[in-house]
Number of protein chains: 2
Amino acid sequence: MATRTGQDGLSRERIVEAAIAMLDDGGESALTFRALSTRLKTGPGAIYWHVANKEELLAAAVQATLADVLRSDEADTTPRDAVRALALGMFDAIDRHPWIGGQLAGLASRSASMRIIERLGQQVQALGMPHHHQFFATSTLFSFILGVAGQNAANARARVAGKSRAELLGAEAAVWASLDPAEFPFLRGVAGQLGDHDDREQFLVGIDLILAGIGAAR
Amino acid sequence: MATRTGQDGLSRERIVEAAIAMLDDGGESALTFRALSTRLKTGPGAIYWHVANKEELLAAAVQATLADVLRSDEADTTPRDAVRALALGMFDAIDRHPWIGGQLAGLASRSASMRIIERLGQQVQALGMPHHHQFFATSTLFSFILGVAGQNAANARARVAGKSRAELLGAEAAVWASLDPAEFPFLRGVAGQLGDHDDREQFLVGIDLILAGIGAAR
DNA sequence: ATATCGCTGGAACGTCGTTCCAGAGGCAAG
DNA sequence: CTTGCCTCTGGAACGACGTTCCAGCGATAT
């Protein structure tokens with residue numbers, strides 16, 4: 001039954017690849033060892049020969065998905081532009097694979113996180129931040145990215161069960177617009193901006209805001 | 001309305017209270033309808049009479065835990081101090097109940113998030129941010145808080161299975177310190193700061209950095 | 001006394017991550 | 001060629017989970 005040679009052979013690579021595909025179009029809850037084994041035409045037990053458990057599988061999926069972002073190497077631009085480029089690379093990856101947001105904070109993605117922090121830190125250093133503030137400034141950038149990633153993951157989770165981003169956002173904006181003006185003046189005022197803002201632009205403004213803070217603290 | 005006599009009567013309040021206690025000392029994975037019903041000396045079915053499902057239970061737990069932070073009302077200080085006070089209140093709540101970090105981004109905590117964003121937004125407005133930038137600046141603050149919360153939750157998850165914060169942090173600092181200097185110069189350089197930094201101070205520096213950025217963009 | 005109703009708690013269902021194991025197929029030694 | 005091992009397979013089974021179902025309790029209303 002089991003053909004050893006050629007494309008039928010299971011491998012960690014094929015498993016991770018299939019896992020990413022399932023996560024991409026079904027969300028985190030769609031990744032199941034049973035569904036995965038069905039897609040790979042095998043049994044759950046076979047997968048465990050190549051992957052220790054689900055946590056390791058998710059970690060490998062994160063690693064593989066972020067590999068491109070982490071490999072990119074642009075030493076030519078200004079530190080500010082380098083941070084923006086790295087952050088935008090992260091955003092695009094998270095936008096394409098929202099499930100990353102739910103995993104990035106975990107211990108399983110430690111090595112990916114370390115690489116990201118290293119990149120950010122080098123640029124913060126190049127920005128002229130005093131040494132004893134570099135760590136905090138860098139972790140501020142990283143925490144912000146993590147927060148956006150988490151929100152993205154949560155939004156994607158809601159999307160799987162129901163409507164599109166535009167519908168979801170429109171409904172939320174409508175809620176904000178109909179709030180009590182005495183209690184929620186701010187949300188009411190920005191409901192329109194919530195309704196048609198661009199996530200990527202919003203993210204970049206956040207990065208720029210923190211960079212401006214770093215520039216001011218220099 | 002036949003209420004059971006005395007303290008044996010189940011109620012949504014008692015259930016949420018017990019759920020928070022279980023989350024606090026066992027982490028997210030410790031909250032189980034079976035364990036919860038054992039603690040309350042009843043069956044799983046009884047709990048479902050008061051609570052629709054686990055998602056609603058978690059949402060109620062978040063709401064109840066953040067109630068104090070959301071109720072606080074200090075209109076006396078400067079906008080900057082108001083943001084710091086609100087953010088620190090959030091941090092302390094998250095620090096005491098790390099499982100919040102895993103839930104706050106979700107749709108289940110929407111009403112709590114709205115209240116927080118409203119508070120932050122009012123202060124950002126008071127800081128003199130131009131109207132069309134207020135939404136982005138506020139969401140930057142919120143995303144940062146969410147990111148820190150998420151990391152806190154992930155750290156707490158690791159702590160349940162193993163060592164204390166000091167041990168975990170020390171081990172991580174040791175890893176950073178022993179990295180290849182050519183590939184990870186930054187992480188190596190800040191390994192010491194990672195080892196003995198104060199989470200609360202780190203958080204506050206992040207808030208101040210964003211506030212400085214807002215000040216610069218005004 | 002009887003019927004009604006809010007509420008209880010235990011049994012049961014389907015699904016999950018994970019473990020176990022009988023055995024298939026290739027490879028090296030006899 | 002035969003034998004034995006060794007890597008890898010895939011299906012069965014286990015315990016725990018969220019959730020549903022329902023027989024029945026005590027208090028109240030008729």
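First things first, this report covers the structure right here in the doc. Every value quoted in this text rests on a predicted model; they were computed, and no experiment measured them. (Residues numbered from 1 in each chain as written. Chains lettered and ligands numbered in written order. Predicted model: local features only at pLDDT ≥ 70, side-chain atom pairs only at ≥ 80, totals over all residues.)

## Structural notes on helix 1 (residues 12–26) of chain A
All names here are of chain A. Its 15 residues give helix 1 an end-to-end C-alpha distance of 21 Å, which sits within 8% of 21 Å, the value for a rise of 1.5 Å per residue. For helix 1, the full list of buried residues reads Ile15, Val16, Ala19 and Leu23. For helix 1, the angular spread of buried residues about the axis comes to 95°, placing them on one side. Residues Glu13 and Asp25 are exposed on helix 1 and point more than 90 degrees away from its buried face. (Helix = DSSP H or I, 4+ residues; strand = E, 2+ residues; numbered from the N terminus. Expected span 1.5 Å × (residues − 1). Buried ≥ 20, exposed ≤ 12 C-beta atoms within 10 Å, placed from the backbone. Arc of directions from axis to C-beta.)

## Let's talk about the packing of helix 9 (residues 185–196) of chain A against helix 6 (residues 110–126) of chain B
Packing of helix 9 of chain A against helix 6 of chain B brings their axes to within 8 Å, and their N-to-C directions diverge by 85°. Between helix 9 of chain A and helix 6 of chain B, the crossing angle belongs to the class labelled roughly perpendicular. The residues of helix 6 of chain B that touch helix 9 of chain A, namely those facing Phe186, Leu187 and Val190 of chain A, are Met114, Ile117, Glu118, Gly121, Gln122 and Gln125 of chain B. For the contact of helix 9 of chain A with helix 6 of chain B, a count of residues per class yields five nonpolar, three polar and one charged. (Axes fitted to C-alpha atoms, helices over the stretch in contact; angles between N-to-C directions. Parallel < 35°, antiparallel > 145°, perpendicular 65-115°, else oblique. Contact = placed C-beta atoms within 7 Å. Nonpolar A, V, L, I, M, F, W, Y, C, P; charged D, E, K, R; others polar.)

## Some details on the nonpolar core
Membership of the largest hydrophobic core comes to 114 residues, with the highest contact counts inside it found for Ile145 and Ile210 of chain A together with Ile145 and Ile210 of chain B. Looking at which domains feed residues into this core, each of domain 1 (7–51) and domain 2 (68–217) of chain B supplies at least three. Not counting chain neighbours up to four residues away, the residues in contact with isoleucine 210 of chain B comprise Leu209, Ile210 and Gly213 of chain A together with Thr140, Leu141 and Phe144 of chain B. (Core = buried A, V, L, I, M, F, W, Y, C linked by C-beta atoms within 7 Å. Domains from an automatic or database assignment.)

## Quick notes on the interface of chain B and chain A
Counting from both sides, the interface comprises 42 residues of chain B and, opposite them, 42 residues of chain A. Mapped onto the side of chain B that touches chain A, the elements with two or more residues apiece are helix 6, helix 7 (131–161), helix 9 (185–196) and helix 10 (199–217) of chain B. Looking at which element gives the most residues to the side of chain B that touches chain A, the answer is helix 7 of chain B, with 16 residues. Each residue belonging to the side of chain B that touches chain A can be placed in one class, and the counts come to 25 nonpolar, 16 polar and one charged.

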